[in-house]
Amino acid sequence: MQALRQFLLLHLVAALALAEDNSIESTGGVPRCGASLHDLNKALRIELNANANCVWQIQKNVNQTIRVIFSYFKFAPSSSCETESIKIYDGPSTNSRLLGQICNNTNAVPVLESSSDSLTFLITTNSMAFTRNFFVFYYFFSPETKTENCGGQLTGPNGTFTSPNYPASYPAFMYCVWHIETAKGSKINLQFQDFFLELDKNCQFDFTAVYDGLTTNTGLIGKACGRSQPTFESSSNIMTVVLSTDYANSYRGFSAQYTSVQLPGPEEPTFLTCSSDSMKIVLSKSYLASLGYDGSQLQLNDPSCRPLVTDTVTFSFPLASCGTTKKDDGHSITYTNIISLPATGNIITRQKSIQIIAKCKMENNSTLEVIYVTQNNIIQNITAVGKYNVSMSFYDSDSFSKPVLQSPYYVDLNQTLFAQVSLRSTDPNLLVFVDNCIASPQPDFGSLTYDLIRSGCNKDDTVVTYPPLEHYGRFKFNAFRFLQSSPSVYLQCDVLICDSNNANSRCTEGCISRQKREISSYMWKTTTVVGPIRLKRDLRSADHSESLTKADAEETPNPQQYSFYTLSFVVLISNIVIVVAVILNYHIKRQAGYDYQKIQSSY
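The structure presented is a predicted model; accordingly, all values stated were derived computationally and were not measured.

Asker: Is there a simple way to explain the overall build of the protein chain in this structure?
Answerer: The helix and strand inventory of the protein chain stands at four helices and 38 strands. For the protein chain, with 603 residues in total, the buried portion stands at 45%. Put simply, of all contacts in the protein chain between residues at least 6 apart along the chain, 73% involve residues at least 24 apart. Working note: accessible area of the protein chain is about 30700 Å², and carbon and sulfur atoms make up 52% of it.

Structure, rendered in structure tokens:
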């Protein structure tokens with residue numbers, strides 16, 4: 001009976017999926033090259049032949065942004081990004097800013113978000129006779145709306161998580177991302193103990209995607225849907241899990257458990273760390289010796305950069321030196337250098353040379369490190385995720401030469417304040433851009449906030465921003481009106497770091513109508529906080545209260561002094577009483593007729 005129920009249920013699920021599949025707009029039969037779309041949500045099945053150049057524009061006058069998901073794409077075999085791709089633009093035309101590009105070698109399920117209520121994508125194909133197929137769906141949404149149990153950070157050696165509303169049906173139009181991190185030197189096993197999503201052979205509608213690493217841009221391990229109990233395994237201690245749902249046929253979702261497994265063998269033969277200033281690569285001498293290499297022969301892209309050889313072989317060099325290359329890939333800034341290992345006389349013949357490719361990816365305020373090593377031990381691709389060193393301070397004038405060191409910073413109500421965001425990096429070709437700044441009476445910024453800058457636009461009429469200057473972002477403003485009612489004010493700014501050689505970066509655009517979301521960010525982003533700011537009258541009140549307290553302390557004797565004074569007073573009063581008593585006694589005797597008399601002799 002149980003088997004019969006399962007059989008009927010699967011057929012029902014398949015029928016519902018087929019019904020949804022038949023309701024989707026398709027370009028099959030007569031190819032449809034592009035369209036102007038105004039629905040709040042829509043799914044498209046696109047079929048194109050050779051030499052296509054088709055544009056789809058999504059636009060609707062609503063105060064929401066667009067999320068577009070390319071859940072299935074099949075390009076011509078062996079096509080390159082130059083000849084065949086999907087380009088997505090953040091705006092109403094192909095002249096808008098490029099959000100991203102999808103090609104034949106894209107190893108992900110691309111999900112992109114606009115910064116406003118319009119988005120455009122362009123599909124181009126080459127001259128090869130081949131039928132290309134794509135499945136795209138989009139929907140408008142409000143980024144501020146949050147769903148409980150939708151994504152998050154998972155740490156520790158093991159843990160569990162479920163889809164929203166589990167075991168009830170998951171909501172429509174969900175995009176949840178879970179980041180799992182375990183101890184270094186381990187890998188992650190992920191087991192879906194219960195799994196029920198909409199059924200489709202290509203997992204185009206509702207699906208779970210699992211990535212080997214920190215981001216969802218690359219490293220796809222696999223995608224799952226329907227009814228099953230899929231398992232996944234990472235190559236390192238970091239895994240990312242995505243749940244995406246469309247508008248129809250919701251089921252109970254999933255319950256998942258992850259465990260960490262210690263990687264076998266000795267310590268990792270290579271180790272890479274990245275900072276705002278430098279890259280550091282550490283190699284094990286025993287590992288190099290096992291391959292037949294001598295550590296003293298290592299070199300970077302610039303052969304003059306040599307390692308320090310001690311118990312280990314260490315390269316440490318500034319980001320913009322030793323032949324390091326830099327690339328802005330639309331989601332992060334990556335610095336790359338290559339260590340060459342020339343063969344020695346006793347090297348195995350088939351291993352004529354070896355390379356270690358080291359990459360520092362500057363991503364959104366992250367310090368997680370990921371290392372990938374190919375199994376053949378000939379070419380290693382090592383990636384570490386680092387962050388730029390960014391700080392914010394107040395200065396006493398628009399010369400920005402003397403920082404304000406006092407904390408709290410006491411100001412007059414209408415005083416002009418000068419703020420500077422500073423980037424410490426050895427890379428000279430970087431720009432600092434202040435994207436958002438808010439003020440709040442609380443350091444956690446969870447209560448009332450006041451916009452100074454939003455999406456690069458001045459929201460307070462006293463704000464003046466200065467042009468970008470090397471590694472500095474500067475602005476000035478007047479002290480806030482609500483300083484009158486709040487004892488302290490804190491300032492929080494979102495800071496973007498861009499490649500100064502990229503003329504189309506976010507840093508060069510200045511004010512835009514709405515901030516582009518992190519999922520489609522073209523720059524490195526972090527948040528910095530400074531404060532508190534207080535009124536000088538509060539400082540005077542505090543000083544006055546302190547003076548009164550000190551005066552009271554000086555005038556009020558302590559308990560030991562009080563006891564001494566009391567005892568002295570008692571002794572003094574006692575002596576006075578005794579003297580008075582003696583004097584009174586003397587006078588009383590005189591008044592009573594007492595006197596000395598001479599005694600008569602009887603002789």
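There is more to say after this.
Asker: I would appreciate a short explanation of the environment of L48 in the present structure.
Answerer: For L48, the position within the fold is in strand β3 (residues 41-48). On the basis of relative accessible area, L48 is assigned to the buried category, the value being 3%. Taking the C-alpha atoms as reference points, L48 and N133, 85 residues apart in sequence, are found 6.7 Å from one another.

Asker: For this particular structure, what's the right way to read the environment of V55?
Answerer: Note on placement: V55 falls in strand β4 (residues 53-59). In sequence terms V55 and S93 are 38 residues apart; their C-alpha atoms lie 8.7 Å from each other. In contact with V55, not counting residues within four places along its chain, are G34, A35, T94, T120, F121 and L122.

Asker: What should I look at first to understand the sheet that holds strand β35 (residues 464-465) in this one?
Answerer: Strand pairing within a sheet occurs via backbone hydrogen bonds; the two strands may be parallel or antiparallel. Strand order across the open sheet formed by four strands is β29-β31-β36-β35, with antiparallel pairing between neighbours. The open sheet has two free edges, formed respectively by β29 (389-395) and β35, since each of these has just one partner strand. Strand direction decides the pairing type here: β29 and strand β31 (residues 416-424), joined by seven bridges, are antiparallel. Paired with V390 across the two strands is L423, which belongs to β31.

Asker: Which parts of the structure should I look at to understand unusual backbone geometry?
Answerer: Peptide bonds are, in most cases, trans, and in most cases residues other than glycine have a negative phi. Of the consecutive residues Y166 and P167, the connecting peptide bond is found in the cis state with omega at 5°. Following the sequence through the fold, P167 ends up in the loop between β12 (158-162) and β13 (175-181). Although it is not a glycine, N249 sits at a positive phi angle of roughly 55°. Locating N249 in the fold gives a position in the loop between β18 (238-244) and β19 (253-262).

Asker: Just to check I follow, could you spell out the nonpolar core for this structure?
Answerer: Across soluble globular proteins, nonpolar side chains show a tendency to be buried alongside one another. Ranked by size, the top nonpolar core spans 48 residues in total, and within it Y335, Y388, F394, F475, F477 and L491 carry the most contacts. Core analysis: the second largest hydrophobic core is formed by 26 residues, A52, I88, I102 and Y138 among them.

Asker: Quick question: what am I supposed to make of the pattern of salt bridges here?
Answerer: Two side chains bearing opposite charge may form a pair once their charged atoms approach each other closely. The final tally for this structure, using the stated rule, is eleven salt bridges. A salt bridge links R67 to E113; the nearest nitrogen and oxygen atoms lie 2.8 Å apart. Placement of R67 in strand β5 (residues 65-74) and of E113 in strand β8 (residues 111-113) is noted, with a sequence separation of 46 residues between them. The exposure class of E113 is buried, given its relative accessible area of 7%. Connected via shared salt-bridge partners are D90, R97 and E509.

Asker: Can you help me understand the sheet that holds strand β16 (residues 220-224) in this one?
Answerer: Judged by pairing direction, the sheet is mixed, and its five strands sit side by side in the order β11-β13-β18-β15-β16 without closing on themselves. Two strands in the sheet have a free side with no partner beyond their single neighbour: β11 (152-155) and β16. Neighbour to neighbour, the strand axes of the sheet diverge by 15° on average, direction disregarded. Direction of pairing for β13 relative to β18: antiparallel, over a ladder of seven bridges. Bridge assignment links H179 to a residue of β18, and that residue is T240.

Asker: What's the story with the side chain of S79 in this structure? I'm lost.
Answerer: With respect to the helices, strands and loops of the structure, S79 is situated in the loop between β5 and β6 (85-90). Residue S79 is classed as buried on the basis of its relative accessible area, which comes to 11%.

Asker: Which parts of the structure should I look at to understand the state of the cysteines?
Answerer: As used in these notes, a disulfide is a covalent bond between sulfur atoms, one from each of two cysteines. For the structure shown, the criterion picks out nine disulfides. Here C33 is linked by a disulfide to C54, with a sulfur-sulfur distance of 1.8 Å. Note on the C33 and C54 pair: the S-S dihedral is about -105°, so by sign convention the disulfide is left-handed. With C33 in the loop between β1 (25-26) and β2 (35-37) and C54 in strand β4, this pair connects stretches of sequence that are 21 residues apart.

Asker: Can you walk me through the pairing of strand β32 (residues 430-440) in this structure?
Answerer: One face of the sheet, then the other: side chains in a regular strand alternate in exactly this way. Among the eleven residues that make up β32, eleven are buried, leaving the element largely enclosed by the rest of the structure. Direction of pairing for β32 relative to strand β37 (residues 489-499): antiparallel, over a ladder of ten bridges. Of the residues in β37, the one forming a bridge with I438 is Q492. Here three bridges tie β32 to strand β33 (residues 450-454), and the two strands are oriented antiparallel to one another. Pairing of I438 across the sheet is with D451, part of β33.

Asker: What exactly am I supposed to notice about the confidence of the model for the protein chain here?
Answerer: Detailed reading of the predicted coordinates is not advisable wherever pLDDT is low. Mean pLDDT for the protein chain: 77, with 70% of residues reaching 70 or above. By mean pLDDT, the top-scoring element of the protein chain is strand β9 (residues 118-124) (97), and the lowest-scoring one is strand β27 (residues 369-373) (28). Under a pLDDT of 50 for its full length, residues 343-352 has, in the predicted model, 15 contacts with residues more than four places off or in other chains. Note on residues 542-557: pLDDT under 50 across the span, and zero contacts to partners over four residues away in sequence or across chains.

Asker: Is there a simple way to think about the packing of aromatic side chains in this case?
Answerer: Aromatic ring pairs are defined here through the distance separating the ring centres and the angle between the ring planes. On inspection of all chains with the given rule, the structure shows 24 aromatic pairs. Their ring planes at 75° and their centres at 5.2 Å tell us that F192 and F195 sit as a pair that is edge-to-face. Residues F192 and F195 agree in their burial class; the two are buried. An aromatic cluster is present here, built from F135, F137, Y139, F141, F173, F205 and Y247 joined pairwise through their rings. Above the plane of the ring of F196 lies R227, whose end atom (NZ or CZ) is 4.7 Å from the centre. Between R474 and the ring centre of Y472, over which it is positioned, the NZ or CZ distance is 5.3 Å.

Asker: Even after reading the chapter, I still don't get the side chain of Q204, so can you show me in this structure?
Answerer: You can see Q204 is positioned in the loop between β14 (186-196) and β15 (207-211). Residue Q204 is classed as buried on the basis of its relative accessible area, which comes to 6%. What Q204 contacts, discounting residues up to four positions off in sequence, is R45, S71, Y72, F135 and F137.

Asker: Quick question: what am I supposed to make of the environment of T65 here?
Answerer: Positionally, T65 belongs in strand β5. When the C-alpha positions of T65 and D117 are compared, they lie 5.0 Å apart, and in sequence the two are 52 residues distant.

Rules used in this analysis
- Residues numbered from 1 in each chain as written.
- Predicted model: local features only at pLDDT ≥ 70, side-chain atom pairs only at ≥ 80, totals over all residues.
- Heavy atoms only, no water.
- Helix = DSSP H or I, 4+ residues; strand = E, 2+ residues; numbered from the N terminus.
- Buried < 20%, exposed > 50% of the residue type's maximum accessible area, 1.4 Å probe, protein only.
- Contact = heavy atoms within 4.5 Å.
- Areas by Shrake-Rupley, 256 points an atom, 1.4 Å probe, with all protein chains shown as cover.
- Pairing = 2+ DSSP bridges.
- Core = buried A, V, L, I, M, F, W, Y, C linked by side-chain atoms within 4.5 Å.
- Salt bridge = Lys/Arg side-chain N within 4 Å of Asp/Glu carboxyl O.
- Axes fitted to C-alpha atoms, helices over the stretch in contact; angles between N-to-C directions.
- Disulfide = S-S within 2.5 Å.
- pLDDT = per-residue confidence, 0-100.
- Phe/Tyr/Trp six-rings, centres within 6.5 Å; stacked < 30°, edge-to-face > 60°.
- Lys NZ or Arg CZ within 6 Å of the ring centre and 35° of its normal.

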